Amino acid sequence: MLGSALKTYRKRLFGRKALQKKTLSYVLWRFGANARRTMRSALQGSASPDVTSAVAALRTNGIVVGPCEKFLGDASLECLRLASSHVLAAASASEVESSVAKGRSDNAQKDFMVPLVPWDMEHGPDSPFLKLALDPKLLDIVSRYLGMWPQLHAIGGWIHFPTADDPKKSQLWHRDPEDFSITKVFIYLNDVGPDSGPFSYVPGTQPFGSRNRKTSKTPEKHITDEEMSKHHPSDSWLVCTGPAGTMILADTVGFHRGGKPKSKNRILITFTYTSGVPINERPLRVPQEPDWVDNEMQRYALH
């Protein structure tokens, strides 16, 4: 009942004011609806240097970028290979190549991309995507940043390709609405340079970030570069180019954009982590807990 009421209240207060200071809505979210998850995180032991470094960057900037090896345990690298093979094979399907060639897909919401791992895809116990998303090292980073054991909200994958249109929707600056604070993971499966529409972020605009107040009166989404530069000059934007295997962790309640490819594609896998009471409906489909789940944080992430 508390979770339902909080969701309604959160939808009403999804202005930045709710995130600029620890208001009653924030206190209810963390210490009411997510009390157990918050307590679990507070009792975590010491962290490895990689985890400590990643969490520090997230807390300061709202984003951290690096090779996959920095954020994943060794056992997950084989899962990444399998997941990547699945997505890259899907990207080579004739219907996908046709959409890329004509510069428009049949996707009703975003005709500049093709979902290769749909949000509503069912993930069975052998899913390499699920194993990647529940990697203990990755969950440890997300947990320490959010200050609570997270819930895995979504798994996806897609290809973005060049179009003749102007930037629109997620190609423009926006904030994501899933929760008070979230962590999204993006793993590039191909080399992403300036012509591939790299993910971009305004550091410090995450909840409680140093630059969050500066954009409190800015619209929440579909903001052009010109408008964003009035609040934050373009030289403060972080443009995330990198080779295949580059991994981005970002609180996308901070301002970001997917970027518009100019001449090359961008292919990636993505995971979303929220609190236990996200505002948006959770699209993840996992019919049963896999046998290989062997720690409580993974169980919390699934439930």
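Rules of the game
For every chain, the first residue of its written sequence is number 1, and the numbers climb from 1 along that sequence. Local features in a predicted model are, by the rule used here, given only for residues with pLDDT of at least 70; side-chain atom pairs are given and counted only at 80 or more, and totals for whole chains, interfaces and linings are based on all residues. Excluded from the side-chain calculation are hydrogens and water; included are all heavy atoms of the structure. A 1.4 Å probe rolled over the protein chains alone gives each residue an accessible area, and that area as a share of the maximum for its type sets the label: buried under 20%, exposed over 50%, partly exposed in between. For helices the rule is a DSSP run of H or I covering at least 4 residues; for strands it is a run of E covering at least 2, with both sets numbered from the N terminus onward. Paired strands, as defined in this entry, are two strands with at least two bridges between them according to DSSP. Asp and Glu are treated as the negative residues and Lys and Arg as the positive ones, with His and the ends of the chain left uncounted. Salt-bridge detection follows one rule: a side-chain nitrogen of Lys or Arg within 4 Å of a carboxyl oxygen of Asp or Glu. Identification of polar contacts relies on pairs of N or O atoms within 3.5 Å, with a donor-acceptor requirement for protein atoms, meaning one able to donate a hydrogen and the other able to accept it, and with residues adjacent in sequence counted only if both atoms are side-chain atoms. Should any heavy atoms of two residues lie within 4.5 Å, those residues are counted as being in contact. Side-chain atoms within 4.5 Å are what join buried Ala, Val, Leu, Ile, Met, Phe, Trp, Tyr and Cys residues into a set we call a nonpolar core. To define axes, lines are fitted to C-alpha atoms, for helices over the stretch in contact only, and angles between the resulting N-to-C directions are given on a 0 to 180 degree scale.

**Student:** Is there a simple way to think about the pairing of strand β3 (residues 151–160) in this case?
**Tutor:** Moving residue by residue along a regular strand, the side chains alternate between the two faces of the sheet. Along β3, 10 of the 10 residues are buried, which leaves the element largely enclosed by surrounding structure. Of the strand pairs in this sheet, strand β2 (residues 113–117) and β3 are connected by 4 bridges, and their pairing is antiparallel. Opposite valine 117, over in β3, you have glycine 157 as the bridge partner. Across 9 bridges, β3 lies against strand β9 (residues 266–274) in antiparallel orientation. Along β9, the bridge assignment pairs leucine 152 with tyrosine 273.

**Student:** Explanation requested: the sheet that holds strand β6 (residues 238–240) in the structure shown.
**Tutor:** Sheet strands pair by backbone hydrogen bonding; their relative direction is either parallel or antiparallel. Spatially, the 3 strands line up as an open sheet ordered β6-β5-β8, and their pairing is antiparallel. In this open sheet, the two strands that pair with only one neighbour each are β6 and β8 (256–257).

**Student:** Mind showing me how you'd approach the side chain of aspartate 135 here?
**Tutor:** As for its placement among the helices and strands, aspartate 135 is situated in the loop between α8 (128–133) and α9 (136–146). Lysine 137 provides the closest opposite charge to the buried, unpaired aspartate 135, separated from it by 7.2 Å. Among the polar contacts listed, one links the side chain of aspartate 135 to the side chain of serine 76, at a separation of 2.5 Å. Within the structure, the side chain of aspartate 135 is placed 3.0 Å from the backbone nitrogen of lysine 137, a separation counted as a polar contact. Aspartate 135 has contacts with Phe71, Leu72, Gly73 and Ser76, leaving out every residue within four places of it along the chain.

**Student:** I would appreciate a short explanation of the environment of isoleucine 267 in the present structure.
**Tutor:** Among the structural elements, isoleucine 267 can be located in strand β9. On the basis of relative accessible area, isoleucine 267 is assigned to the buried category, the value being 9%. Separated by 34 residues in the primary sequence, isoleucine 267 and alanine 301 place their C-alpha atoms 25 Å from one another. Setting aside residues up to four positions removed in sequence, isoleucine 267 forms contacts with Val87, Leu88, Ala91, Leu116, Trp158, Ile159, Ile187, Tyr188, Leu189 and Asn190.

**Student:** Any chance you could explain the nonpolar core here in plain terms?
**Tutor:** When a protein is soluble and globular, its nonpolar side chains tend to lie buried together. One finds Leu152 and Phe271 to be the most contacted residues of the largest nonpolar core, which totals 54 residues. Looking at which element gives the most residues to this core, the answer is α9, with 6 residues. Once residues within four sequence positions are removed from consideration, leucine 152 is found in contact with Leu130, Ala133, Leu134, Phe271, Thr272, Tyr273, Arg282, Leu284 and Ala301. Ile63, Tyr188, Val192 and Phe199 belong to the second largest nonpolar core, which has 13 residues in total.

**Student:** What am I meant to see in the pairing of strand β7 (residues 246–250) here?
**Tutor:** Taking burial as the measure, the 5 residues of β7 include 5 buried ones, the bulk of the element. Where burial is concerned, the two faces of β7 agree: the one with Thr246, Ile248 and Ala250 and the one with Met247 and Leu249 are both buried. Pairing analysis gives 5 bridges linking strand β1 (residues 63–67) to β7, with the strands arranged antiparallel. Pairing of isoleucine 63 across the sheet is with alanine 250, part of β7. Where strand β4 (residues 183–188) and β7 come together, 4 bridges link them in antiparallel fashion. Its bridge partner lying in β7, lysine 184 is registered against alanine 250.

**Student:** Can you walk me through the sheet that holds β3 in this structure?
**Tutor:** Taking strand neighbours across the sheet as the criterion, the 6 strands line up as β1-β7-β4-β9-β3-β2 in an open arrangement whose pairing is antiparallel. On the outer flanks of this sheet lie β1 and β2, each paired with one strand and no other. The sheet shows a mean angle of 25 degrees between the axes of neighbouring strands, taken without regard to direction. Sheet strands in contact with helix α6 (residues 76–91) are β2, β3, β4 and β9, and its direction is about 125 degrees off that of β9.

**Student:** I keep staring at unusual backbone geometry and nothing clicks. Help me out?
**Tutor:** A negative phi holds for most residues other than glycine; trans holds for most peptide bonds. With a phi angle near 50 degrees, lysine 169 is a residue other than glycine that sits in the positive phi range. Within the element layout of this structure, lysine 169 appears in the loop between β3 and β4. Phi at phenylalanine 208 takes a positive value of approximately 65 degrees, unusual for a residue other than glycine. Of note, phenylalanine 208 is situated in the loop between β5 (199–201) and α10 (225–231).

So yeah, pure geometry; function would need other evidence.
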